[in-house]
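A structural walkthrough
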Amino acid sequence: MSFPRHPDSSNNQREAMDFIIETTQYNATPAASASSSGSMSDAALPHPWHQYRHPNGDIYFYNPEMQLLTPDDIRDPDTLEYIIDARDDHLQCLAEDPNTHLLPADYELVISDVTENAAVVRMYSRTATAAYEWMEDRGLFVKSREHFWSHVAEYPSHHAQLPPNTEVEFVQALNNAKTAILSGAVFPFSEDQIDQIIARYQYLTDLRSQGRSSTASLAWLIGAVMPLDAVDRQVDAQNLQAVMNGLHF
């Protein structure tokens, strides 16, 4: 998994890495709001929840025993109660679905935007590299692959490794895109823009080879760029910057 290197890639990607870390938060979470007030941010996390920081500075929470993710602030007792209630309701719906046995054992629930009466619930599997949804009128079904990549970009920090085969798929997609562009194919990114993405990837893998942690930033980059398929339009430089900022998740 290698690309031709640009002579100045190290210096340029150090600047790029600073830039991607300092971007605007992709989601104004209650956790971020509480931090500014200095109140809820000091509350202890209930066991066995863990707090994780997105490379852009945003905060989310993960319960490994429940395989449950949320960007909502579980340090607020009411919010936590709403999240657990939403999980229980969703699991009950899944229990009555004839296709639930098809869900991989590692699937994670993402519950967000909770209120006393509503919540957004999504499901993802790293081993299957797939996204799922349950709806009352459709039951359980697999969503398009874009939803999985969006999940990887939105929640990149709570696993020590990238999802299986995603890095190989990402590198192959970049190589295929560069070759196809030379043959006249049109992609969401120009050849120069793909070179920028490759340079960012090389910088992050260099960090990894030095024993430094870069998995979260790699996951964010891969999730933000993928799927890299031929299309009938190109994004301009401003839209590329937005993607790299994590605004097009």
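Residues numbered from 1 in each chain as written. Predicted model: local features only at pLDDT ≥ 70, side-chain atom pairs only at ≥ 80, totals over all residues. Heavy atoms only, no water.

To continue, consider the pairing of strand β7 (residues 139–142). With 4 bridges connecting them, strand β6 (residues 130–135) and β7 associate as antiparallel partners. Along β7, the bridge assignment pairs Met 135 with Gly 139. (Pairing = 2+ DSSP bridges. Helix = DSSP H or I, 4+ residues; strand = E, 2+ residues; numbered from the N terminus.)

Right, let's talk about the nonpolar core for a bit. Grouped together as the largest cluster of nonpolar side chains are 33 residues, with contacts concentrated most on Phe 170, Leu 174, Ile 194, Ile 197, Leu 221, Met 226 and Leu 228. Mapped by element, the contributors of at least two residues to this core are β2 (59–63), α4 (145–154), α5 (166–182), α6 (191–209) and α7 (215–225). The element that contributes the greatest number of residues to this core is α6, accounting for 7 residues. Sequence-distant contacts of Met 226, that is, excluding residues within four places in its chain, are made with Trp 149, Glu 169, Phe 170 and Ala 173. Core analysis: the second largest hydrophobic core is formed by 19 residues, Leu 68, Leu 94, Leu 103 and Val 121 among them. (Core = buried A, V, L, I, M, F, W, Y, C linked by side-chain atoms within 4.5 Å. Buried < 20%, exposed > 50% of the residue type's maximum accessible area, 1.4 Å probe, protein only. Contact = heavy atoms within 4.5 Å.)

Most of α4 is tucked away, with 7 of its 10 residues classed as buried. Of the positions making up α4, those classed as buried are Phe 148, Trp 149, Ser 150, His 151, Val 152, Ala 153 and Glu 154.

Moving on, we get to a negative patch on the surface. On the surface, Asp 78, Glu 81, Asp 85, Asp 89 and Glu 116 cluster together into a negatively charged patch. Among the secondary structure elements, Asp 78 is positioned in helix α3 (residues 77–95). For Asp 78, a relative accessible area of 43% translates into the label partly exposed. (Patch = residues over 30% accessible without salt bridge, like charges linked within 9 Å, V, L, I, M, F, W, Y side chains within 5 Å. Areas by Shrake-Rupley, 256 points an atom, 1.4 Å probe, with all protein chains shown as cover. Salt bridge = Lys/Arg side-chain N within 4 Å of Asp/Glu carboxyl O. Lys, Arg positive; Asp, Glu negative; His and termini not counted. Charge placed at Lys NZ, Arg CZ, Asp CG, Glu CD.)

Moving on to the sheet that holds strand β3 (residues 68–70). Spatial strand order, β1-β2-β3-β4-β5-β6-β7: 7 strands in an open sheet with mixed pairing. The strands lining the two open edges of the sheet, one partner per strand, are β1 (50–53) and β7. Neighbour to neighbour, the strand axes of the sheet diverge by 30° on average, direction disregarded. As judged from the 2 bridges shared by β3 and strand β4 (residues 108–112), these two strands associate in the parallel manner. Its bridge partner lying in β4, Leu 69 is registered against Val 110. The strands that α3 touches are β3, β4, β5 (120–125), β6 and β7; relative to β4, the one it contacts most, it runs at about 130°. Seen against the sheet, α4 touches β2, β3, β4, β5 and β6 and runs at an angle of roughly 95° to β5. (Axes fitted to C-alpha atoms, helices over the stretch in contact; angles between N-to-C directions.)

According to the stated counting rule, one finds 8 salt bridges in the structure shown. With its nearest N and O atoms 3.4 Å apart, the salt bridge here joins Arg 87 to Asp 88. Its salt-bridge partner being Glu 191, residue Lys 178 comes within 3.8 Å of it at the nearest N-O pair. Taken together, the positions of Lys 178 in helix α5 and Glu 191 in helix α6 put the pair 13 residues apart, joining distant regions of the chain.

The predicted model of the chain averages 83 in pLDDT, with 76% of residues at 70 or higher. When the criterion is pLDDT under 50, residues 7–39 qualifies, and its contacts beyond four places in sequence or with other chains add up to 54 contacts. (pLDDT = per-residue confidence, 0-100.)

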